[in-house]
Amino acid sequence: MSEKFDVIVVGAGPAGTSCAYTCAKNGLRVLQIERGEYPGSKNVMGGVLYRKQMEEIIPEFWKEAPLERPIVEQRFWMMDKESVVTFGYKGLEWGVEPFNNFTVLRAPFDQWFAKKGVEQGVLLITETVVLECIVEDGKVIGVRTDRPNGEVYADVVVLADGVNSLLGKQLGYHNEFRPDEVALTVMEVINLPKGKINDRFNLEDNQGCTIELFGDSTKGNLGTAFIYTNKESINIGVGTTLSSMIKAKLKPYDLLDYLKTHSMVRPLIEGGESAEYLAHLIPEGGYHSVPKVAGDGVLLVGDAAQLVNAIHREGSNMAMSSGKMAAETIIEAKNRNDFSASSLNLYREKLYDSFIIKDLEKYKDAAHTFENNPQYFNDYVPMMNRAASKFFTVDGTPKREKQKEIMRSITGERGTFKVIQDVYRAWKAVK
Amino acid sequence: MSTKTIEEKQYLIRFKADTKSHLTVLDHDVCMTQCPDKLCTIFCPAEVYKWEGLRMQVGYEGCHECGSCRIGCPYQNIKWEYPKGGHGIVFRLA
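Conventions used here
Residues numbered from 1 in each chain as written. Chains lettered and ligands numbered in written order. Predicted model: local features only at pLDDT ≥ 70, side-chain atom pairs only at ≥ 80, totals over all residues. UniProt positions renumbered as here; feature names shortened; annotations may be inferred. Helix = DSSP H or I, 4+ residues; strand = E, 2+ residues; numbered from the N terminus. Buried ≥ 20, exposed ≤ 12 C-beta atoms within 10 Å, placed from the backbone. Contact = placed C-beta atoms within 7 Å. Pairing = 2+ DSSP bridges. Axes fitted to C-alpha atoms, helices over the stretch in contact; angles between N-to-C directions. Expected span 1.5 Å × (residues − 1). Parallel < 35°, antiparallel > 145°, perpendicular 65-115°, else oblique. Left-handed = near helix turned anticlockwise from the far one by under 90°. Nonpolar A, V, L, I, M, F, W, Y, C, P; charged D, E, K, R; others polar. Domains from an automatic or database assignment.

- In the annotation of an unreviewed UniProt entry, the entry for chain B reads Ferredoxin-like protein, and the organism field reads Cytobacillus eiseniae.
- Per its UniProt entry, chain B bears the Sequence similarities (unreviewed entry) comment "To ferredoxins from P.putida and C.tartarivorum, ferredoxin I from A.vinelandii, ferredoxin II from D.desulfuricans."
- Quoted verbatim from the Function (unreviewed entry) field of UniProt, the annotation for chain B is "Could be a 3Fe-4S cluster-containing protein."

- For chain A, the name recorded in an unreviewed UniProt entry is Electron transfer flavoprotein-quinone oxidoreductase, with Cytobacillus eiseniae as its organism.
- UniProt annotates chain A under Sequence similarities (unreviewed entry) with the comment "Belongs to the ETF-QO/FixC family."
- UniProt, in the comment section headed Cofactor (unreviewed entry), describes chain A in these words: "FAD".

The following block contains the structure:
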């Protein structure tokens, strides 16, 4: 395997495949290396795939890709122990072309996507671990795999090796994570007949719904839970920062079972059959955790570059866009025949000029704020529930008096000054 | 039925276990003498780590390869690698 390629892409998730596909489509010789039995066998996400960034790579992909349901409704639940305050949006414009986003199951989807790359000429090798980047005079010139004589060379190596990115660490581009920079998330796929899903979520065939759950869904810890509808199954999962999990001495699967048996959730999945259980880390450090993304002969994309917007649960789209930007950079570098750090730094410029880093920058202090101020999840969600209960319970109390009572109970619990401070701090973190 | 225990959850998954562990506890004495909470036995989502009185039992065959133990071990006492190519967990769905 001592051949030389234009590009070696490590990993066959959305970032790696977007990059490999785009490079091959533009005539470059691409080797893509995946450690799993097939693309998708190691990859996990809650399940939302965004149309816009996928379409920029494969136009009208929804006509052939293995998708579950187009999402027409996004709900948000502020959950207490025996109650929930809900809001959301349902719009039929999301149910027709060009759609907004879809639920997907990653194992079938990633296999399909990687196959599209192969059709463009990508040489895909599975069941192969990249052990390290081969570095010569500070320049990445190839990779060493766990195959016999497994050294391969290329002008550029793209690290799409996911959240743990051992290769990014080998190069010294990232330090080891702190436990507050990653969310440990566990989920189950639960099979349910299509008709039951449609009835329980108020959907028709080919309409999907997502629910993001805050508050008691994580027992008040920093994190969220989610319920997404597939065609004939439901993805239900919960995650908190690893640091919160450690601090609260929580077993992640116990938290998942707590969610599944929660009185507000249980009726949605009642009678379902568990089909798979999955655990994964999400890089949630945001803007401050983004590593060096371009070097001499090397680029980092997707989760390996920590490109996740935790507030908006966006990740797969950032992975795809970053993969495409990396590919465009490599194509230009190839034209100049210059793969030095300064030439490849164009990728960094593209990334920082796009929605990806702009959005991460917008929320750069959010995680930190919420981690250090547990009252948002611990106190305010139950408070909202009590206020709603009080306000909507008809008991002969005049409404104006009710309002005053609610305000008094909120400021009484935390103190007026604290409440103002909390509101200001939260606004600052997400503005 | 939807699962109730971690054993039932793990039973749903396909694993192609390597003969050699990709997870190594570097120094069992550290677990024994410095880590009263044995945190990895709590937060590991697959219950890979079990404390057996004197040393840490590592059931690497059921590992999800998430990376939590490497990051969460307060003593950086876990060497974490990927299983050999084609081995380890094989997700079939999500």
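## What to know about the overall build of chain A
So, step 1. Looking only at helices and strands, chain A has 15 helices and 17 strands in total.
So, step 2. Structurally, chain A occupies a C-alpha span of about 80 × 50 × 40 Å along its principal axes.
So, step 3. Residues classed as buried in chain A amount to 51% of the 431 residues present.
So, step 4. Contacts in chain A between residues far apart in sequence, at least 24 positions, make up 72% of those at least 6 positions apart.

## So, the sheet that holds strand β14 (residues 233–241) of chain A
All names here are of chain A.
So, step 1. Reading across the sheet, the seven strands line up as β5-β4-β12-β13-β14-β11-β15 and stay open at both edges, with mixed pairing between neighbours. Looking at the sheet topology across the chains shown, the edges are occupied by β5 (84–90) and β15 (273–283). For this sheet the average axis-to-axis angle between neighbouring strands, irrespective of direction, equals 15°.
So, step 2. Bridge count for strand β13 (residues 223–229) against β14 is seven bridges, and the pairing is antiparallel. Along β14, the bridge assignment pairs Thr-224 with Gly-239.

## Observations concerning helix α1 (residues 14–25) of chain A
Residues and elements named next belong to chain A.
So, step 1. The end-to-end C-alpha separation of α1 is 16 Å, in line with the 16 Å expected for twelve residues at 1.5 Å each.
So, step 2. Within α1, eleven of the twelve residues are buried, leaving the element largely enclosed by the surrounding structure.
So, step 3. Here α1 has its buried residues at Pro-14, Ala-15, Gly-16, Thr-17, Ser-18, Cys-19, Ala-20, Tyr-21, Thr-22, Cys-23 and Ala-24.
So, step 4. Summarising the contacts, the buried residues of α1 are in contact with β1 (4–10), β2 (30–33), α3 (106–119), β10 (151–159) and α9 (316–336).
So, step 5. Looking one or two residues past α1, Gly-27 carries a phi angle of roughly 90°, positive in sign.

## Observations regarding the packing of α1(A) against α3(A)
Residues and elements named next belong to chain A.
So, step 1. Interhelical geometry of α1 versus α3 gives an angle of 20° and a closest axis separation of 8 Å. By the angle class used here, α1 and α3 are roughly parallel. Two packed elements cross with a definite hand, and for α1 against α3 that hand is left-handed. On α3, the residues touching Thr-17, Ala-20, Tyr-21 and Ala-24 of α1 are Phe-113, Ala-114, Lys-116 and Gly-117.
So, step 2. Classifying every residue of the contact of α1 with α3 gives five nonpolar, two polar and one charged.

## Digging into the UniProt feature "domain: FixC-like C-terminal" (unreviewed entry) in chain A
So, step 1. The feature "domain: FixC-like C-terminal" (unreviewed entry), as annotated in UniProt, sits at residues 367–430 of chain A in this numbering.
So, step 2. Taken end to end, residues 367–430 of chain A comprises 86% helix and 0% strand; its first and last C-alpha atoms sit 10 Å apart.

## Some remarks on the interface of chain A and chain B
So, step 1. Each side of the interface is counted separately: chain A has 48 residues, and chain B has 31 residues.
So, step 2. Broken down by element, the side of chain A that touches chain B gets its largest block of residues, nine residues, from β15(A).
So, step 3. Along the lines of polarity and charge, the residues of the side of chain A that touches chain B split into 24 nonpolar, ten polar and 14 charged.

## A look at unusual backbone geometry
All names here are of chain A.
So, step 1. Here the residue pair Glu-97 and Pro-98 is connected by a cis peptide bond, since its omega of 5° sits within 30 degrees of zero.
So, step 2. Within the element layout of this structure, Pro-98 appears in the loop between β5 and β6 (101–103).
So, step 3. Notably, Asn-206 is not glycine yet its phi reads approximately 65°, a positive angle.
So, step 4. For Asn-206, the location among the structural elements is in the loop between α5 (194–201) and β12 (208–215).
So, step 5. Even without glycine at this site, Lys-249 takes up a positive phi of about 50°.
So, step 6. Among the secondary structure elements, Lys-249 is positioned in the loop between α6 (242–247) and α7 (252–260).
So, step 7. On the neighbour-count criterion, Lys-249 (10 C-beta atoms within 10 Å) is exposed.

## Brief notes about the environment of A:Ala248
So, step 1. Along the chain, A:Ala248 turns up in the loop between α6 and α7.
So, step 2. A C-alpha to C-alpha distance of 8.0 Å links A:Ala248 and A:Asn221, two positions 27 residues apart in sequence.

## Here we look at the pairing of strand β11 (residues 182–191) of chain A
Residue and element names in this part refer to chain A.
So, step 1. The buried fraction of β11 amounts to nine of the ten residues, a majority that puts the element mostly inside the structure.
So, step 2. Examined bridge by bridge, β11 and β15 share ten bridges and lie antiparallel to one another. Bridged to Asn-191 within β15 is Glu-273.

## Digging into helix α10 (residues 341–352) of chain A
Residues and elements named next belong to chain A.
So, step 1. Taking 1.5 Å of rise per residue, twelve residues should cover 16 Å, and α10 covers 16 Å from first to last C-alpha, within 8% of that figure.
So, step 2. Listed as buried for α10 are Ser-343, Leu-344, Tyr-347, Arg-348 and Leu-351.
So, step 3. Those residues of α10 that are buried are in contact with β16 (294–295), β17 (298–300), α9 and α11 (355–362).

## Observations concerning the domain arrangement of chain A
Residues and elements named next belong to chain A.
So, step 1. Along its sequence, chain A is organised into domain 1 (4–67 + 104–174 + 291–353), domain 2 (179–283) and domain 3 (367–430).
So, step 2. Placing a centre on the C-alpha atoms of domain 2 and another on those of domain 3 gives a separation of 26 Å.
So, step 3. Facing eight residues of domain 2, the contacting portion of domain 3 comprises six residues.
So, step 4. Looking at side-chain class alone, the side of domain 2 that touches domain 3 contains two nonpolar, five polar and one charged residues.

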